[in-house]
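# Working through the structure, step by step
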Amino acid sequence: MKIYTAPSNDAEISLRVEYRKYPALCGGQATVDMKDPCLAGTDATEENSVSEAWVGK
């Protein structure tokens, strides 16, 4: 198996692997009230929580 950063044209089989690691809710605040404005926002985005690789054989 080989790891690629994009789909490989050489591989018979190619599989996309995605890993998600979500950041701490509300920037890691110790206590959060249910009316806290940060709960209405999005902490996790494609840029800060998703990594991917292509695995091929």
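The following refers to the structure shown. (Residues numbered from 1 in each chain as written. Predicted model: local features only at pLDDT ≥ 70, side-chain atom pairs only at ≥ 80, totals over all residues. Heavy atoms only, no water.)

### Details of the overall build of the protein chain
- Counting its regular elements, the protein chain contains one helix and three strands.
- Order of helices (α) and strands (β) in the protein chain, N terminus to C terminus: β-β-α-β.
- For the protein chain, whose C-alpha radius of gyration is 18 Å, the value lies well above the compact-globule estimate of 10 Å for 57 residues.
- In the protein chain, buried positions account for 18% of the 57 residues.
- Summarising the internal contacts of the protein chain: among those between residues at least 6 apart in sequence, 72% fall at separations of at least 24. (Helix = DSSP H or I, 4+ residues; strand = E, 2+ residues; numbered from the N terminus. Rg over C-alpha atoms; globule rule 2.2 N^0.38 Å. Buried < 20%, exposed > 50% of the residue type's maximum accessible area, 1.4 Å probe, protein only. Contact = heavy atoms within 4.5 Å.)

### Some remarks on the pattern of salt bridges
- For the structure on display, the rule yields three salt bridges.
- For Glu18, the salt bridge goes to Arg20, with nearest N and O atoms at 2.8 Å.
- The partly exposed category is assigned to Glu18, whose relative accessible area is 33%.
- For Arg20, a relative accessible area of 37% corresponds to the partly exposed category.
- Salt bridges linked by common partners bring Arg16, Glu18, Arg20 and Glu52 together as one network. (Salt bridge = Lys/Arg side-chain N within 4 Å of Asp/Glu carboxyl O.)

### Side note on the sheet that holds strand 3 (residues 50-56)
- Strand order in the open sheet formed by three strands is 1-3-2, and the pairing between neighbours is antiparallel. Each edge of the open sheet carries a strand with a single partner, namely strand 1 (2-4) and strand 2 (14-20). Sheet twist, expressed as the mean angle between neighbouring strand axes with direction ignored, is 35°.
- Relative to strand 3, strand 1 is paired through three bridges, and the arrangement is antiparallel. Counterpart to Tyr4 in the pairing with strand 3 is Trp54. (Pairing = 2+ DSSP bridges. Axes fitted to C-alpha atoms, helices over the stretch in contact; angles between N-to-C directions.)

### So, the pairing of strand 3
- Two elements, strand 2 and strand 3, share seven bridges in a ladder whose sense is antiparallel. If you follow Arg16 over to strand 3, its bridge partner there is Trp54.

### A few points about a nonpolar patch on the surface
- Together, Leu25, Val32, Met34 and Leu39 make up a nonpolar patch on the protein surface, roughly 390 Å² of accessible area in all.
- Looking at the secondary structure, you find Leu25 in the loop between strand 2 and helix 1 (46-49). (Patch = residues over 30% accessible without salt bridge, like charges linked within 9 Å, V, L, I, M, F, W, Y side chains within 5 Å. Areas by Shrake-Rupley, 256 points an atom, 1.4 Å probe, with all protein chains shown as cover.)

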